[in-house]
Each structure stands twice: as C-alpha cells, then as structure tokens.
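# Examining the three-dimensional arrangement
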Amino acid sequence: MNFPLFIARRYLLAKKSHNVINVISAISAAGMAIGTAALVLILSVYNGFDSIVKENLGNLDPDLLMVSPDGASKFIPDSTLIDELYSDPRVENVLCTLEDNVLLSYSGMQGIVRAKGVEDGFETSSKLGSHITDGSLQLHKGNVPQAVVGSGVAAKMGIRPRFLEPMVLYYPDREGNVSVANPMASARSEKVFPSGIMSVSSDTDAELVIVPLHVLRSLLGSRGEEASGVEIYLADSSPRAVRSFMRDYAARCTLLDRYHQHPTLFKMMRYEKAAVFLILLFVVLIVALNIYGSLSMLIIEKEEDIATLRAMGASDSLVRRIFVLEGWLISLLGLLIGLAVGILLAALQQHYGLVKMPGGFLVSAYPVVLKFTDVLLTAAGVALTGLVIALLSARVRQQ
C-alpha cells in the first residue's frame, strides 16, 4: 500500500474542522473542472473551423501541385514528365494552370483580380461545383469562353451570370509600346462571359476569377506551353498516398501538397490554436492558486498529525509527499470532472449543433471536431499545472 497516497486520500474525503478549507478545496476543484472543460471545448471548436477551411481549400486546390524547381512564377513543364504522370495509374487527371494579376472591367467598374487559367477537364476533376452559389461551373459554351467569379469580386462589381454583358480582362502588352495618352490601348484584352459565382473563402472570393487556359495565355502573351503550375489529382488522396507519390517523383520535380500550397495559412491556424491553449492553461494556473491556499491551511490544521507521524518515524520528505498528493488529488478530481463535461458537451455539439452560429455562415452551428490528441494534451497540461502548485505549496510550508 502506498502510505502517503492513503493518507492524502483520507484527507481529501474527510471533513475538515475548519469548513473554509472544504469550501476552498471545492472551489479549486470546480475551477479546474471548468478550465479543463473550456480547454476541451474551445480546442474542439478550433478543430471544427480548421476542418471547414481545409475542406473548402481542398475543393479548390489539387492533391498535388507541381511548381518551378527554381521558384519562378512561371515555367514550361517537361512534356515527357507530363506524359509519364498521365500514364501513372495512381493519377486521375493532370491539368496545367496559369495565374497572374489582371485588370477586370465590367459595366463601368474596374479592379485588379487574380486570374487563373485552367485546361479542359477542370470542371470534372475539381470539387469546386459544390461551392457554386449562382450559375454553374462551366468555362465554355460552344466556342464562347466563360468565367467563374469569386463572390467578393462579383458583389463588388455587380457581376451576375444571367447578365449578357461580358467581362473584359486587360494585361500590359510586353512587346508593345506604352501610350501615355491612352494606356488601355497598349494593353491586351480578352472578353469572357460570367457563368457562375463561387464562394470558397473570404480571401479567395475577393480576388479569384477562373477562365479557360487558352484565354489567359493569349491575354498574357505567354510563350508556348508556359504555366504557373501543374495540378495533379490522385485516385487516392489520403495523406499516406500523397506522401508516397511525392517520394516517387521527388528527384524529378517539385511537388507541393495542400499544406505547402498554403503554408502561411496553415501555420497561422496552428499558432492561433497554440496561443489559445496557452492562454486557457494560464487561466487554469490562476485558478489552481486556490489549491495553494487550501493546502497551506490544511497543513496548519494537521500540525498535530504531522507531529504524530514524525514521532512514529516518518521523514520530512514522506510528510511532504502526503500534502503534495493531497493538493494534486484536488487538481485531478477537477481534471476528471472537466474532461467528462467537456467531452460530453463537445459530442453533443458535434452531433446535434446545440449552439447556433450568428449571422449567415456556411454552417448553421458552431463546428466541433473532438480529437483524442487534444484531450490528452489538455489532461497533461492541467495535471502538470496542479502538480507544480502542489509542490510549491508543500515546499513553502516545509521551509
């Protein structure tokens, strides 16, 4: 039998002669429980928002993106490698893309947008169709080129798929002379008709316009088969399959998975989650200071017991372990209650959406994704915090 743990458990459950010690201990356990439940819930909500962002970007971005090995914004892909990718049984489709900033003019409105030119077959390979809010995902109507416009661009410039007025894209003519009197006459231009409005994310919606690749190449005056990237769609898009594919082609080209296509965004989401975790853990630390007070008062109350234990041969370290375990048991009691409550509330929100999102968003209720790693991290953080406070409390009394 662990003697210090036995005594500490008896002290935890026994009624103290001074009721204020019971009250402070109960407040400490309740505070730890509330802090633990808050950690589980808020981390789960962050996971929910992260999953929505990743899902939306995954519907727009390919499984893998081949880019220039030297970091250039445009390059000419190796045709032999492209043919090899087409013949790889793991690949569903390979599409060259070209991106650049252009001037968009529509119904007297003008603005800079990011135009993305895509090859035929983009409509069937991409999952963007689920994000079309008006019109359809269609880049050709017969021989007439069409475009899909971000909802932010459409709202700013009054673009609607049902309107017959075309959008005009302008780009400086790299080989022509610039006219000071009429700069627009020195720019290349292409007309496209809006076929659909898409809503993916605020950043994407505010700047992106998708057009046929041949239209953008003509507008930019691109040389030959110039591209900004080559999109690769895999039959199996699981992380393990993507990593295996990247290893097989690592020596021949530079491939980016979805994380490396948006490194800044994903790093920011990780840093935000880590910052929230540390802030809430600091709140738990402040709450745990109540344990310091209750444990100090308990040591004063149990001075006669301490004297008896020492008379029986107990060392100072054994006595100290008793009160350290007593303080830690208060933390662990609050931890267990908080984990149970937090997991229960997160599960209810995840399955039933009890708390609704205000305003018009993609989801009606706060998204929640409960992860075992977050529960484990929360338990470790709260338990360690309680142990540190218990050690400090007992040490102060022994001095």
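I will try to describe carefully the structure that is included in this document.

A separate point is the packing of aromatic side chains. Summed over the entire model, instances satisfying the criterion amount to 3 aromatic pairs. Seen in terms of ring centroids, F49 and Y366 are 6.4 Å apart; in terms of plane orientation they differ by 90°. Their pairing is edge-to-face. With F49 in helix 2 (residues 19-60) and Y366 in the loop between helix 12 (316-352) and helix 13 (372-398), this residue pair connects regions lying 317 residues apart in the sequence.

When we look at burial in helix 3 (residues 79-87), the residues that qualify are L81, I82 and L85. Looking down the long axis of helix 3, one finds its buried residues gathered within 100° of arc, a one-sided arrangement. Facing away from the buried side of helix 3 by over 90 degrees, the exposed positions are T80, D83 and S87. Contacts from the buried residues of helix 3 go to strand 1 (64-67), strand 2 (91-106), strand 10 (229-234) and helix 8 (239-249). For helix 3, the N-terminal capping position is held by D78, with its side-chain oxygen 3.0 Å away from the main-chain nitrogen of T80.

With that settled, consider a nonpolar patch on the surface. Taken together, the side chains of F282, L285, I286, L289, Y292, L384, V388 and L392 present a nonpolar region at the surface, about 700 Å² in accessible area. Going through the elements one at a time, helix 10 (263-301) and helix 13 are the ones with two or more residues in the nonpolar patch. Per-element tally for the nonpolar patch: the top contributor is helix 10, with 5 residues. Relative to the helices and strands, L384 is located in helix 13. Of the residues examined, L384 reaches a relative accessible area of 53% and is grouped as exposed.

So, on to unusual backbone geometry. Residue S107 is not a glycine yet carries a positive backbone phi of 50°. Relative to the helices and strands, S107 is located in the loop between strand 2 and strand 3 (109-118). S107 gets classed as partly exposed once you look at its relative accessible area, which sits at 46%.

So, on to the pairing of strand 9 (residues 208-212). Across the 5 residues of strand 9, 5 count as buried, placing the element largely inside the fold. Sheet topology places strand 3 next to strand 9; 5 bridges connect them, and they run parallel. Bridged to K116 within strand 9 is I210.

What follows is about the side chain of N93. Looking at the element boundaries, N93 is found in strand 2. Accessibility expressed as a relative area gives 16% for N93, which makes it buried. Engagement of the side chain of N93 in a polar contact is seen with the side chain of S125, the distance being 2.6 Å. When near neighbours in sequence (up to four residues on either side) are disregarded, N93 contacts Y86, G121, S125, E231, I232 and Y233.

How each quantity is defined
Within any chain, residue numbers begin from 1 and follow the written order of that chain's sequence. Only residues with pLDDT of at least 70 are given local features in this predicted model, and only at 80 or more are side-chain atom pairs given and counted; all residues enter the totals for whole chains, interfaces and linings. Excluded from the side-chain calculations are hydrogens and water; all other atoms, namely the structure's heavy atoms, are used. Note on ring pairs: Phe, Tyr and Trp rings are taken, using the six-membered ring of Trp, and paired if centres are within 6.5 Å. Classes follow the plane angle, with under 30 degrees stacked, over 60 edge-to-face and the rest tilted. By the criteria applied, helices consist of DSSP H or I runs no shorter than four residues and strands consist of E runs no shorter than two, each listed in order from the N terminus. Burial classes follow relative accessibility: with a 1.4 Å probe on protein chains only, a residue under 20% of its type's maximum area counts as buried, one over 50% as exposed, and anything between as partly exposed. The directions considered for the arc run from the helix axis to the C-beta atoms. Contacts were defined at the residue level, with two residues in contact if any of their heavy atoms lie within 4.5 Å. Throughout this description, a polar contact denotes any pair of N or O atoms lying within 3.5 Å of each other; where both atoms belong to protein, one of them has to be capable of donating a hydrogen while the other can accept it, and for residues adjacent in sequence the pair is counted only when both atoms sit in side chains. Think of a patch as exposed residues, more than 30% relative accessible area, with no salt bridge, where like charges cluster within 9 Å and nonpolar side chains (Val, Leu, Ile, Met, Phe, Trp, Tyr) cluster within 5 Å. Accessibility throughout is a Shrake-Rupley quantity obtained with a 1.4 Å probe, and a residue counts as covered only by protein chains that appear here. Salt bridge, as used here: a side-chain nitrogen of Lys or Arg that lies within 4 Å of a carboxyl oxygen of Asp or Glu. One requirement defines pairing of two strands: DSSP has to find at least two bridges between them.

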